[in-house]
Amino acid sequence: MTDPIDALPIETLRRRGSTKWAKYPADVLPLFVAESDFPLAPAITEALAQAVALGDTGYTPPAHPLQAAFADFSARRHNWEVDPARVRTTADVVMGLVEIMRGVISPGDGVIITPPVYPPFYDAVPEAGGEVVRVPLLSGPDGWSLDLAGIDAAFAAGARAMLLCNPHNPTGTVHDRDSLVELARIARTRGAVVISDEIHAPLVREGVAFTPFLSASEDAREVGFTVTSASKAYNLAGLKCALMVTASDRTTRVVDELPVEVEWRTGWFGVIAGVAAYAPESDAWLDAVRARLDLNRELVGSLVEQHLPAARYLVPDAGYLAWIDVRPLGWADDAADWILENARVAVNPGPTFGDEGRGFIRVNFATSPEILQDAFARLGSLA
């Protein structure tokens, strides 16, 4: 069994200058933006230190080791065969989504999103010239799922693309293979495309099978694009590097025809760090992170039961974000500011994920058990 990684001490974390630890005063426990509190994988630290020592801080070339490193990682960790020649880079996942949408839709075309969903999706669609078409996830006692009938109807009504979030943010849902196969069939039948954000894929919990969209079926390879990054699993968001992956000649041509500046925006340090992250020597670190997150998912459940017993929380399949229904507590539909003011805990407000998020909060649990225990005790004082 892999030993779980330990988060850095809070005194060390408060010296960080990135958003999570710099946005709020020192009396606030930050459990909002998706940054993690773990030390970097040693191979990443070594690779970046070597680059700094060399002054290797220039532009990113069009061909580099990251394409092959990602292909090797995908085969090793997800049983997914990726052609390195069909991997291109850009600055971040949202930029990749926007630029691919620009390549496949016309101004005014509908683009399906599935709320509650990552808030930047709502801005990315109009930035690309599309119009948001909402097809909410179906909610049941055991979790969330894609409304395939609703997606089919939206495509039939004229939507030309869909932004898939897999694993889904904020619910942590890993969409099963059968659902992805059917989604791909629907999209191909309707002449539409699916652009899959798979940034949380390396952090699927033990016992859950993750299916990369492009590996689901031949239909998926024909209609699909994947955009992903090492940034969430390895905490590299500030280094600005994401991957755009295709699996057919038609979709590859779309990415190859994007403006050259899309690829030039890739951060070279992001490439260097990504190569180290996807290398086999970082697998043990990733397994240690996954072991810690497995423990923390269960810990959040215990802490909700202890301090917020009326609230509802389902253990997420992936990632490090807890989606908690606080409506039974009688709190406001958007309680985040009130929680910040009265408990000094920063969480993400549910309504930013769509109307389906009213009465929910999103809590980042990629931190130490001690910080989580303190935070939920503070939340419990408000219940």
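Residues numbered from 1 in each chain as written. Predicted model: local features only at pLDDT ≥ 70, side-chain atom pairs only at ≥ 80, totals over all residues. Heavy atoms only, no water.

Peer 1: Got a sec to walk through a nonpolar patch on the surface? Specific residues and values, please.
Peer 2: Residues Tyr59, Val260 and Trp264 make up a contiguous nonpolar surface patch of roughly 390 Å² in combined accessible area. Relative to the assigned elements, tryptophan 264 resides in helix 12 (residues 260-264). (Patch = residues over 30% accessible without salt bridge, like charges linked within 9 Å, V, L, I, M, F, W, Y side chains within 5 Å. Areas by Shrake-Rupley, 256 points an atom, 1.4 Å probe, with all protein chains shown as cover. Salt bridge = Lys/Arg side-chain N within 4 Å of Asp/Glu carboxyl O. Helix = DSSP H or I, 4+ residues; strand = E, 2+ residues; numbered from the N terminus.)

Peer 1: Outline the layout of surface pockets, listing residues and values.
Peer 2: Any empty space left between the atoms is revealed when a probe the size of a water molecule rolls over them. The calculated volume of the largest pocket comes to roughly 820 Å³. Lining the largest pocket are 37 residues, with Val33, Ala34, Glu35, Lys232 and Ala237 sitting closest to its centre. Within the residue set of the lining of the largest pocket, elements represented by two or more residues are helix 5 (93-104), helix 10 (231-234) and strand 14 (348-349). Considering only residue class, the lining of the largest pocket consists of 19 nonpolar, 11 polar and seven charged. (1 Å grid on protein atoms, 1.4 Å probe; cavity = no way out; pocket = protein on both sides within 12 Å on 5 of 7 lines; lining within 4 Å. Points joined across faces, edges and corners; volume = space filled by probe spheres on them. Nonpolar A, V, L, I, M, F, W, Y, C, P; charged D, E, K, R; others polar.)

Peer 1: If you had to explain the sheet that holds strand 9 (residues 224-228) to someone new, which residues and values would you point to?
Peer 2: Across the sheet, which stays open at both edges, the seven strands sit in the order 2-10-9-8-7-3-4 with mixed pairing between neighbours. In this open sheet, the two strands that pair with only one neighbour each are strand 2 (87-90) and strand 4 (131-134). Between one strand axis and the next, the sheet turns through 25° on average, direction left out of account. Where strand 2 meets strand 10 (residues 242-245), four bridges bridge the pair, whose relative direction is antiparallel. Bridged to threonine 89 within strand 10 is leucine 243. Where helix 11 (residues 249-256) meets the sheet, it contacts strand 2, strand 8 (193-197), strand 9 and strand 10, and its direction lies at approximately 50° from that of strand 9. (Pairing = 2+ DSSP bridges. Axes fitted to C-alpha atoms, helices over the stretch in contact; angles between N-to-C directions. Contact = heavy atoms within 4.5 Å.)

Peer 1: Would you mind going over the packing of helix 3 (residues 42-54) against helix 13 (residues 268-278) in detail, with residue names and values included?
Peer 2: The interhelical angle for the contact between helix 3 and helix 13, taken along N-to-C directions, is 145°, at an axis separation of 8 Å. As helix 3 packs across helix 13, the resulting crossing turns out to be right-handed. Only Phe269, Ile272, Ala273, Ala276 and Ala277 of helix 13 make contact with helix 3, whose side of the interface consists of Ala43, Ile44, Ala47, Leu48, Ala51 and Val52. Classifying every residue of the contact of helix 3 with helix 13 gives 11 nonpolar, no polar and no charged. (Left-handed = near helix turned anticlockwise from the far one by under 90°.)

Peer 1: Which residues make up the nonpolar core, and what values go with them?
Peer 2: Burial of nonpolar side chains together is a common tendency in soluble globular proteins. Of all hydrophobic cores here, the largest spans 97 residues; its most connected members are Phe213, Tyr234, Ile324, Ile339 and Phe376. The dominant element in this core, judged by the number of residues it contributes, is helix 14 (residues 283-307), at nine residues. Excluding its chain neighbours within four sequence positions, the residues that come into contact with tyrosine 234 are Leu40, Ile44, Phe73, Ala277, Tyr278, Trp285 and Leu286. Grouped together as the second largest cluster of nonpolar side chains are 27 residues, Met101, Ala128, Val193 and Val255 included. (Core = buried A, V, L, I, M, F, W, Y, C linked by side-chain atoms within 4.5 Å. Buried < 20%, exposed > 50% of the residue type's maximum accessible area, 1.4 Å probe, protein only.)

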